[in-house]
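Notes for the structure review
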Amino acid sequence: MTAVIETRGLTKYYGTVRGVDDLDLVVEKGEVFGFIGPNGAGKSTTIRLFLDFIRPTAGAARVLGLDTRADSIEIRRRVGYLPGELAMYERMTGREMLRHFAALRRLDGLGEAVEIAERFDLDLDRRIRSYSSGNRQKLGLVQAFMHGPELLILDEPTNSLDPLIQQDFYTMVDELQEEGHTFFVSSHVLPEVERIADRVGIIRRGRLVVTETVAELKAKAVRRLELYFSEPVGDDAFAALPSVRAAVSHDGGRAIELTITGSVDPVVKLASRYEVERLVSRDGELEEAFLAYYEEDGRAR
Amino acid sequence: MLDSVFARRIWERRTGYVWWLLGLVALIGITVAFWPTIQRDTDALGQLFESLPQGFLAIFGADDIETLFTASGFINSRMYSSVGAIIVVFFAISMGTQAVAGEEDKRTLDLLLAQPVSRRSVVLEGFLAMVVMTAGLAAAVFLVLVVCDPLVGLDLPLEGLFAATVGVVLLALVFGSLSLAVGAFSGSRALAIGVGAGATFGTFFINGLAPLVDAIAWTQRLTPFFWFLDSRPLDNGFSWHFLVLAAVVAVFVAGAVWGFERRDVSV
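My aim in this report is to walk through the structure given alongside it, one point at a time. (Residues numbered from 1 in each chain as written. Chains lettered and ligands numbered in written order. Predicted model: local features only at pLDDT ≥ 70, side-chain atom pairs only at ≥ 80, totals over all residues. Heavy atoms only, no water.)

Residues and elements named next belong to chain A. In space, the six strands of this open sheet follow the order β6-β7-β8-β3-β9-β10, with mixed pairing throughout. Bordering the open sheet on either side are β6 (79-82) and β10 (207-213), each of which pairs with just one other strand. Taken pair by pair, the neighbouring strands of this sheet meet at an average axis angle of 15 degrees, ignoring direction. Sheet analysis places strand β9 (residues 199-204) next to β10, joined by six bridges and oriented antiparallel. Residue pairing across strands places Arg204 opposite Arg207, the latter belonging to β10. Across the face of the sheet, helix α1 (residues 43-50) comes into contact with β3 (32-36), β6, β7 (151-155), β8 (182-187) and β9 while running at roughly 145 degrees to β8. Sheet strands in contact with helix α5 (residues 133-145) are β6, β7 and β8, and its direction is about 170 degrees off that of β6. (Pairing = 2+ DSSP bridges. Helix = DSSP H or I, 4+ residues; strand = E, 2+ residues; numbered from the N terminus. Axes fitted to C-alpha atoms, helices over the stretch in contact; angles between N-to-C directions. Contact = heavy atoms within 4.5 Å.)

If you look at the interface, chain B gives 29 residues, while chain A gives 28 residues. Broken down residue by residue, the surface that chain B buries against chain A is led by B:Leu2, B:Leu111 and B:Pro116, which jointly contribute 25%. For the pair chain B and chain A, the number of links is three salt bridges. Counting across the interface, chain B meets chain A through 21 residue pairs in polar contact (both at pLDDT 80 or more). Among the elements of the structure, α1 (5-33), α8 (109-113) and α14 (241-262) of chain B are those that each provide at least two residues to the side of chain B that touches chain A. Ranked by the residues each element gives to the side of chain B that touches chain A, the list is headed by α1(B), at five residues. Taken together, the residues of the side of chain B that touches chain A break down into 11 nonpolar, six polar and 12 charged. (Buried area = accessible area lost by both parts, 1.4 Å probe. Salt bridge = Lys/Arg side-chain N within 4 Å of Asp/Glu carboxyl O. Polar contact = N/O pair within 3.5 Å; in protein donor to acceptor, adjacent residues only side chain to side chain. Nonpolar A, V, L, I, M, F, W, Y, C, P; charged D, E, K, R; others polar.)

Turning to the packing of aromatic side chains, a few remarks are in order. Counted according to the given criterion, the structure contains 24 aromatic pairs over all chains. Look at B:Tyr80 and B:Phe228: their rings are 6.5 Å apart centre to centre, the planes differ by 80 degrees, and that puts the pair in the edge-to-face class. With B:Tyr80 in helix α6 (residues 71-80) and B:Phe228 in helix α12 (residues 224-229), this pair connects stretches of sequence that are 148 residues apart. Of the two residues, B:Tyr80 and B:Phe228, both sit in the buried class. With a centroid separation of 6.3 Å and an interplanar angle of 45 degrees, the aromatic rings of B:Phe228 and B:Phe242 are classed as tilted. Here B:Phe228, found in helix α12, pairs with B:Phe242, found in helix α14; they are 14 residues apart in sequence, far enough to count as distant. One aromatic cluster in this structure is built from B:Tyr80, B:Phe142, B:Phe162, B:Phe228, B:Phe238 and B:Phe242. Positioned above the aromatic ring of A:Tyr228 is the side chain of A:Arg278, whose terminal nitrogen or guanidinium carbon lies 4.4 Å from the ring centre. (Phe/Tyr/Trp six-rings, centres within 6.5 Å; stacked < 30°, edge-to-face > 60°. Buried < 20%, exposed > 50% of the residue type's maximum accessible area, 1.4 Å probe, protein only. Lys NZ or Arg CZ within 6 Å of the ring centre and 35° of its normal.)

If you want it as structure tokens, here you go:
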């Protein structure tokens, strides 16, 4: 396996403000790597270091085997990038902007842009100013994909995409991954990337908390389940189950709130012995679930 | 039309530029139209101007009453040493600001720098677009004057007119590349415009007023206006003085490249 992205002790401080701290990360060729963390954790900072928009305070990063400082232009020739805060040339039409970028990339015509735009059902002949936020995001994706880059660095790609288009996007990522393209995808919520990512790195307050395969992570994921029964049940039996981390009962034992890691199966089996009126499952958003989990575990690593 | 950063800079300005051109052409047209009247009433006007304070005249680019009522002195005072020049300068400042700071302010710089484009070329192509479009404005003035010259009997020397045209472009580029450099260093659009405009007005007044006060007369030599106007290009043609302006532009542009290459681009 070859590393497409490799950082060693990558550190960025803005004055005294922490961006990322001592980041060691390897992304292998052909994998989809999800980079997850709450807003302000340092995701965009890391990505901007890869593209040489900002320069590291310490450490270094190599992208496609090239130095991010010395060989930035070659890196950017071979990388497609979608910014997290997407700003485009408002007075151009979508096609005009793509033509401009295609020319800067010395592509023939518009590269694969037209085909991808059709797939996303995006009208390229309207002014960007008049695009909806979903269409903007589509255009951002089109320009990132248009030159068939070896590596795609996408900062919050499914932001403001409607679910149908998200599916198209996921399918496209799958197809390109099969062709050997590598993805580095950031998000502040896990569900956005768990569908496509092979591995996930969790960043928090500038530090990489953990890197794991999505399968491993799912097994450890924290879910909250609320069970409402027609009769008092009490939480003792549930609290005794191995996957239940915490159980709280309300309403005289009729309502039970559970915090679960791993499989919910034993919980459901137990609950089925009673008359269940209502069942609410919350797949924890990262901030509350995963990070809480790592914090409880004594800040794993 | 959008084949390069240079081409896009021009493309972005295509509508606004027409107004800059029309404004300048209207200004110079009206100015020239007044010439026959002024020529007729030279004596009366001369007496009126004699009675005005020197400083007042200096600010309006009419430092020397002897030459004010010659055709070249008149055009010089109205066009090249006052309003006309300032308009061209401000256009250059707006182009210089846009090249880096403007694009950063609108946040489109991220997407631009995600393409395989060096920061050096972003600066240099922005500068080049500023040169071409500023020269276009000065050329329009040149053309209007050449066309009107025989109609109203200005009898301006062609070489002098050409020199003044090149000179006003160089003058504008000094301030334009100053704004370019400030924007490249700071990423701040407001600062780039502010410094450029402040320097323009500051040096304009110093150039006009410093000679009236012996103690600070030498400061006039610190202003780009001095190096443009002191050799009286409209009468005398080209002068080595222009090389000073060109050198300053080169320093500012090199500084802009250096400053932009070494700093972080803001989010």
